[in-house]
Amino acid sequence: MFVLLYADDTVLLAVSEAGLQYSLSTFYSYCNLWKLEVNTSKTKVVVFCKQKCKHQYNFTVGTQPIDVVDTFSYLGVVFQFNNIFSAAKRTIVAHAKKAMYSVLSKISYLKLPVDLLLELFDSLVSPVLLYSCEIWGFENLNLIEGVHLDFCKPLLKLRKSTPNYMVYGELGRFPMYLRIYQRMYNFWCTLVQPKTDKLSSFIYRIMLSLYQSSNIKSPWLQYIEKMLNQSGHWFLWNIQFIVYVS
């Protein structure tokens, strides 16, 4: 069981209740030393497990209790206790639609050519739609692609029932999942670099060790492995190393 604490921009990780409370006490002592104040109203604990835990946890920072919640938004990504990113994708799609409708409302009277409209989508909507896709791209992507098609089909004055492949062919577009998989692969490449002291790389090495020894199941790692195998790059997964040639 992994326990995750968010304190503003600070994250504490532990594998046990006692371990997290010890980290909280150490964190509180550090804040007191440097005259820092912890905003307990924005500090929450998420217990990651397969099913909703019924155990009552009592975490504190100093004398202030910390709430245990099922979901929490950190750096714009909604994390759920069951390691599913459905809520994160719904939130991202909602933001992307706002960006898309804002673009459409501002250019509706300009009568811009289709290629320029698509460039506006890629520049202003896609960055919102693909935010943090490196970590949730292994899940169902129908919601993400739906935003893309909701923008493309009206450009050709097509109905929603029009087959998607006709839209891609007419506009010279590709489904969004290709960009997502590319970004997932690029992110994985940065994690497996041997000479890095990034926290993400450190956590990746721990997860990989537990995954390869069958102590944990990681849909993200499983999907990366599958993606490399299907593309004929199985050896990269085996060596866990990427060489960049300049």
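The protein chain appears in an unreviewed UniProt entry as Reverse transcriptase domain-containing protein from Tegillarca granosa.

Engineer: How should the nonpolar core be read in this particular structure?
Structural biologist: Inside soluble globular proteins, nonpolar side chains tend to come together where they are buried. If you look at the biggest cluster of nonpolar residues, it comprises 53 residues, and the most contacted ones within it are Ile144, Trp188, Tyr204, Trp220 and Trp237. In terms of residues, this core owes the most to one element, helix H2 (residues 86-107), which gives 8 residues. Counting residues in hydrophobic clusters, the runner-up holds 13 residues, among them Leu12, Ala14, Cys31 and Ile66.

Engineer: I'm lost on the pairing of strand E7 (residues 77-80) in this one. Help?
Structural biologist: Side-chain positions along a regular strand alternate between the two faces of the sheet. Along E7, one buried face is formed by Val77 and Phe79 and the opposite face, lined by Val78 and Gln80, is buried too. As judged from the 4 bridges shared by strand E6 (residues 71-74) and E7, these two strands associate in the antiparallel manner. Within E7, the position partnered with Phe72 by the bridge is Phe79. Joining the antiparallel neighbours E6 and E7 is a turn of 2 residues, in which Leu75 adopts a positive phi near 55°.

Engineer: Before we go on, may I ask you to explain the pattern of salt bridges in this structure?
Structural biologist: What the rule picks out here adds up to 6 salt bridges. For the salt bridge of Glu139 with Lys89, the shortest nitrogen-to-oxygen distance reads 3.4 Å. With a gap of 50 residues between them, Glu139 in the loop between helix H4 (133-136) and helix H5 (142-155) and Lys89 in helix H2 connect regions that are remote in the sequence. Judged by relative accessible area, Glu139 falls into the buried class, the value being 16%. Several salt bridges converge on common partners, so that one network encompasses Asp122, Arg173 and Arg179.

Engineer: Can you help me understand helix H6 (residues 164-171) in this one?
Structural biologist: An α-helical turn contains 3.6 residues, so a residue and the one three or four places further along point in the same direction. Regarding H6, the residues found buried are Val167, Tyr168 and Leu171. Looking down the long axis of H6, one finds its buried residues gathered within 95° of arc, a one-sided arrangement. Looking at H6, the residues exposed on the side facing more than 90 degrees away from the buried face are Tyr165, Gly169 and Glu170. In this structure, the buried side of H6 is in contact with helix H3 (114-129) and H5.

Engineer: Whenever I open this one, the packing of helix H8 (residues 199-212) against helix H9 (residues 219-230) confuses me. Can you help?
Structural biologist: When two helices pack together, their arrangement is given by the angle between the helix axes and the distance between those axes. Orientation of H8 relative to H9, taken along the N-to-C sense of each, is 80°, at an axis distance of 10 Å. Here H8 is positioned roughly perpendicular relative to H9, judged by the angle of their axes. Contacts between H8 and H9 involve Tyr204, Met207, Leu208 and Tyr211 from the first element and Trp220, Leu221, Gln222 and Glu225 from the second. Residue classes in the contact of H8 with H9 are distributed as 6 nonpolar, 1 polar and 1 charged.

Engineer: What should I look at first to understand the packing of aromatic side chains in this one?
Structural biologist: What the rule picks out here adds up to 12 aromatic pairs. With centroids separated by 6.1 Å and ring planes inclined at 75°, the aromatic side chains of Phe187 and Trp220 adopt a geometry described as edge-to-face. Separated by 33 residues along the polypeptide, Phe187 in helix H7 (residues 176-191) and Trp220 in helix H9 bring together distant segments of the chain. Phe187 gets classed as partly exposed once you look at its relative accessible area, which sits at 26%. Counting every residue linked through ring pairs, the aromatic cluster contains Tyr185, Trp188, Tyr211 and Trp237.

Engineer: So what exactly am I meant to see when it comes to the environment of Lys226 here?
Structural biologist: Tracing the chain through its elements places Lys226 in helix H9. For the pair Lys226 and Trp237, spaced 11 residues apart in the sequence, the C-alpha separation amounts to 9.4 Å.

Engineer: Quick question: what am I supposed to make of the state of the cysteines here?
Structural biologist: Put plainly, a disulfide is one covalent bond tying together the sulfur atoms of two cysteines. On inspection of all chains with the given rule, the structure shows 0 disulfides. The thiol of Cys152 is not disulfide-bonded; the next cysteine sulfur, from Cys133, is found 17 Å away. You can call Cys152 buried: its relative accessible area is 1%.

Engineer: Explain the environment of Ile203 to me, please; I cannot follow it from the model alone.
Structural biologist: With respect to the secondary-structure elements, Ile203 resides in helix H8. According to the relative accessible area criterion, Ile203 is partly exposed, its value standing at 28%. Sequence-wise, Ile203 and Trp34 are 169 residues apart; in three dimensions their C-alpha atoms are separated by 28 Å.

Engineer: Help me understand the packing of H7 against H8 in this model?
Structural biologist: At their nearest, the axes of H7 and H8 sit 9 Å apart, and the two run at 90° to each other. Here H7 is positioned roughly perpendicular relative to H8, judged by the angle of their axes. Contact residues: H7 offers Trp188, Thr190 and Leu191, while H8 offers Ser200, Ser201 and Tyr204. Grouping the amino acids of the contact of H7 with H8 by side-chain chemistry returns 3 nonpolar, 3 polar and no charged.

Calculation notes
Residues numbered from 1 in each chain as written. Predicted model: local features only at pLDDT ≥ 70, side-chain atom pairs only at ≥ 80, totals over all residues. Heavy atoms only, no water. Core = buried A, V, L, I, M, F, W, Y, C linked by side-chain atoms within 4.5 Å. Buried < 20%, exposed > 50% of the residue type's maximum accessible area, 1.4 Å probe, protein only. Helix = DSSP H or I, 4+ residues; strand = E, 2+ residues; numbered from the N terminus. Pairing = 2+ DSSP bridges. Salt bridge = Lys/Arg side-chain N within 4 Å of Asp/Glu carboxyl O. Arc of directions from axis to C-beta. Contact = heavy atoms within 4.5 Å. Axes fitted to C-alpha atoms, helices over the stretch in contact; angles between N-to-C directions. Parallel < 35°, antiparallel > 145°, perpendicular 65-115°, else oblique. Nonpolar A, V, L, I, M, F, W, Y, C, P; charged D, E, K, R; others polar. Phe/Tyr/Trp six-rings, centres within 6.5 Å; stacked < 30°, edge-to-face > 60°. Disulfide = S-S within 2.5 Å.

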